[in-house]
Amino acid sequence: MAAPATAPPPPSNLRRIVAASLVGTTVEWYDFFLYGSAAALVFNKLFFPGSDPLVGTLLSFLTYAVGFAARPIGALVFGHYGDRLGRKKLLVLSLLMMGGATFAIGLLPTHATIGSAAPVLLTVLRLVQGFALGGEWGGAVLLVSEHGDAKRRGFWASWPQTGAPAGQLLATGVLSALTALMSDSAFESWGWRIPFLLSGVLVILGLWIRLSVDESPVFKAALVQAERRKAAAEPAEKMPLVAVLRHHWRDVIIAMGARMAENISYYVITAFILVYATTAVDLSKQTALNAVLVASAVHFAVIPLWGALSDRIGRRPVYLIGAIGVALWMFPFFALIDSRSFGSLLLAVTVGLIFHGAMYAPQAAFFAEMFATRMRYSGASIGAQFSSVAAGAPAPLIATALLADFGTSTPISLYVIAAALITVLAIVCAKETRSRDLADIEPGVGQQAAVAEDLPADARTV
């Protein structure tokens, strides 16, 4: 269905919406990636002492993976209430939960102080982080998608996606600065706590901006329609989860498949690379962090460009460029790192993240366009977060285990290539969504003109 010719929102309003989504996702991903970087660099020594260094890293990545296990639960809970109560309220809650858990990690006693209770508490806080992030992503991208100009939805919806590299940039930048300014002993003793405690400042900033925006106009229209159905004594709406599984099960499967290469490649390139570069290639932590830092800046810049391209040629072609590109790049990726040159390491990570951006940029609009309004938060979140359990969660763990067992990067490359093949298959089976109308409140229902006529002008934009 062609996108309706409704006027886009005023640029100032849309920029405020984008800023609210972006600052929130940046804080959320800063917190999440900070944990991943710390797991690769220091948590093996602080919370799992006495183990072989690689085994300690495996154990710390195991707590890292636990956060992913909580993400589907967060997707279900936040998706359900986000489809019933609205996007904005749930986004505020997710930000508070994530920021609070991260700040608490910065205060957590280590194994040397409280023994085995330390990794247990670390795991609990990691679960809270994962639960919050499971609900954050869907709400953030929908807030922009449902406010934005339909003709440039791919571009505007890609901006919350830049929160991932922005968060990675902040997390890696803070860690890189600390490791450069501090001795290893000082960093491992207390310096690692600083970036976790800084998240408190970022949360305050995120809340200030996020509380200033209005609810999605498309969701407002859906609420009006729901009230009309209730007044007319029509059958009650099914729970969003039930409705998604009934009307959109195929879209959920496609979204899960689409996430495989995107999720796995990202965590191999940004998290596992810190392990591989420092243990297998014997590069310094500073060198590896600097490479990820610079590459994340490039990643941030290219995501909106890929999003804009998806508005011109479609979501599927851009996504396929990324999936195929990642598959073809994996063997050169590790070969460049093995050369032990900073320039080669930087090239390897940068090109890898550019291809990742081709998948990640159109993903927000692509997934939003798959689902009807009153089940969109649930559908997009379930499709995105359930796949993360099989994709992103074990990726650093599997890559580290493969390195420990085989002592070579070849099986890791094959692992990423296999994920890329699954993603290519999913995208080939998907329908192009670029011209769909987000005002479709129920599957198969046309534009809700009658509903829109009862709404103020700023609530009729899709």
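Residues numbered from 1 in each chain as written. Predicted model: local features only at pLDDT ≥ 70, side-chain atom pairs only at ≥ 80, totals over all residues. Heavy atoms only, no water.

Caption draft 1: A look at the overall build of the protein chain. Secondary structure summary: the protein chain contains 20 helices and 0 strands in total. The buried share among the 462 residues of the protein chain stands at 60%. Carbon and sulfur atoms make up 69% of the accessible area of the protein chain, which amounts to about 16500 Å² in all. (Helix = DSSP H or I, 4+ residues; strand = E, 2+ residues; numbered from the N terminus. Buried < 20%, exposed > 50% of the residue type's maximum accessible area, 1.4 Å probe, protein only. Areas by Shrake-Rupley, 256 points an atom, 1.4 Å probe, with all protein chains shown as cover.)

Caption draft 2: Molecular detail of the environment of Leu96. Looking at where Leu96 falls in the secondary structure, it is placed in helix 4 (residues 87-106). It is 8.5 Å that separates the C-alpha atoms of Leu96 and Ala132, two residues lying 36 residues apart in sequence. Each residue touching Leu96, except ones within four places of it in the same chain, is listed here: Val203 and Leu207. (Contact = heavy atoms within 4.5 Å.)

Caption draft 3: The arrangement of the packing of helix 4 against helix 6 (residues 117-145) in detail. In contact at an axis separation of 8 Å, helix 4 and helix 6 are set at 150 degrees when each is read in the N-to-C sense. Viewed along their axes, helix 4 and helix 6 adopt a mutual orientation that is roughly antiparallel. Handedness of the crossing formed by helix 4 with helix 6: left-handed. Each of Arg87, Leu91, Ser94, Met97, Met98, Ala101, Thr102, Ala104 and Ile105 in helix 4 lies in contact with helix 6, whose residues at this interface are Leu122, Leu125, Val128, Gln129, Phe131, Ala132, Leu133, Glu136, Gly139, Ala140, Leu142 and Leu143. Its residues placed into classes, the contact of helix 4 with helix 6 shows 15 nonpolar, 4 polar and 2 charged. (Axes fitted to C-alpha atoms, helices over the stretch in contact; angles between N-to-C directions. Parallel < 35°, antiparallel > 145°, perpendicular 65-115°, else oblique. Left-handed = near helix turned anticlockwise from the far one by under 90°. Nonpolar A, V, L, I, M, F, W, Y, C, P; charged D, E, K, R; others polar.)

Caption draft 4: Geometry of empty space enclosed by the protein. For the coordinates displayed, the defined rule picks out 2 cavities of 30 Å³ or more. Size it by volume and the largest cavity reaches roughly 60 Å³. Counting only elements with at least two residues in the lining of the largest cavity, the list comes to helix 1 (11-41), helix 13 (249-280) and helix 16 (342-368). If you tally residues by element for the lining of the largest cavity, the top one is helix 13, at 5 residues. In terms of residue class, the lining of the largest cavity is built from 6 nonpolar, 2 polar and 2 charged. (1 Å grid on protein atoms, 1.4 Å probe; cavity = no way out; pocket = protein on both sides within 12 Å on 5 of 7 lines; lining within 4 Å. Points joined across faces, edges and corners; volume = space filled by probe spheres on them.)

Caption draft 5: How the structure looks around the pattern of salt bridges. Under the definition given, this model contains 4 salt bridges. As a salt-bridge pair, Arg259 and Glu262 come within 2.8 Å of each other at their nearest N and O atoms. Highlighted residues: Arg259 and Glu262, both in helix 13, separated by 3 residues, approximately one helical turn. On the accessibility criterion, Glu262 (2% relative accessible area) is buried. (Salt bridge = Lys/Arg side-chain N within 4 Å of Asp/Glu carboxyl O.)

Caption draft 6: Structural context of helix 10 (residues 193-210). Along its 18 residues, helix 10 runs 26 Å from first to last C-alpha, staying within 8% of the 26 Å computed at 1.5 Å per residue. If you check which residues of helix 10 are buried, you get Pro195, Phe196, Ser199, Val203, Gly206, Leu207, Ile209 and Arg210. (Expected span 1.5 Å × (residues − 1).)

Caption draft 7: View of the environment of Leu397. Tracing the chain through its elements places Leu397 in helix 18 (residues 395-406). Residue class for Leu397 comes out partly exposed when judged on its relative accessible area of 23%. Separated by 130 residues in the primary sequence, Leu397 and Tyr267 have C-alpha atoms spaced 9.9 Å apart.

Caption draft 8: Just helix 4, in detail. If you check helix 4, its first and last C-alpha atoms are 29 Å apart, about what 20 residues at 1.5 Å a residue would give, namely 28 Å. The set of residues buried in helix 4 consists of Arg87, Leu90, Leu91, Val92, Ser94, Leu95, Met98, Gly99, Ala101, Thr102, Ile105 and Gly106.

Caption draft 9: Molecular detail of the packing of aromatic side chains. The final tally for this structure, using the stated rule, is 13 aromatic pairs. Ring plane angle 70 degrees and centroid distance 6.0 Å describe the contact between Trp137 and Phe367, whose orientation is recorded as edge-to-face. Taken together, the residues span a long stretch of sequence, with Trp137 in helix 6 and Phe367 in helix 16 at a distance of 230 residues. Phe367 carries the same exposure label as Trp137, and that label is buried. Their ring planes at 40 degrees and their centres at 6.1 Å tell us that Phe366 and Phe367 sit as a pair that is tilted. Look at Phe366 and you get buried, because its relative accessible area is 0%. Exposure remark for Phe367: the relative accessible area of 0% places this residue in the buried category. Grouping aromatic residues by their ring pairs yields a cluster made of Trp137, Tyr319, Phe366 and Phe367. (Phe/Tyr/Trp six-rings, centres within 6.5 Å; stacked < 30°, edge-to-face > 60°.)

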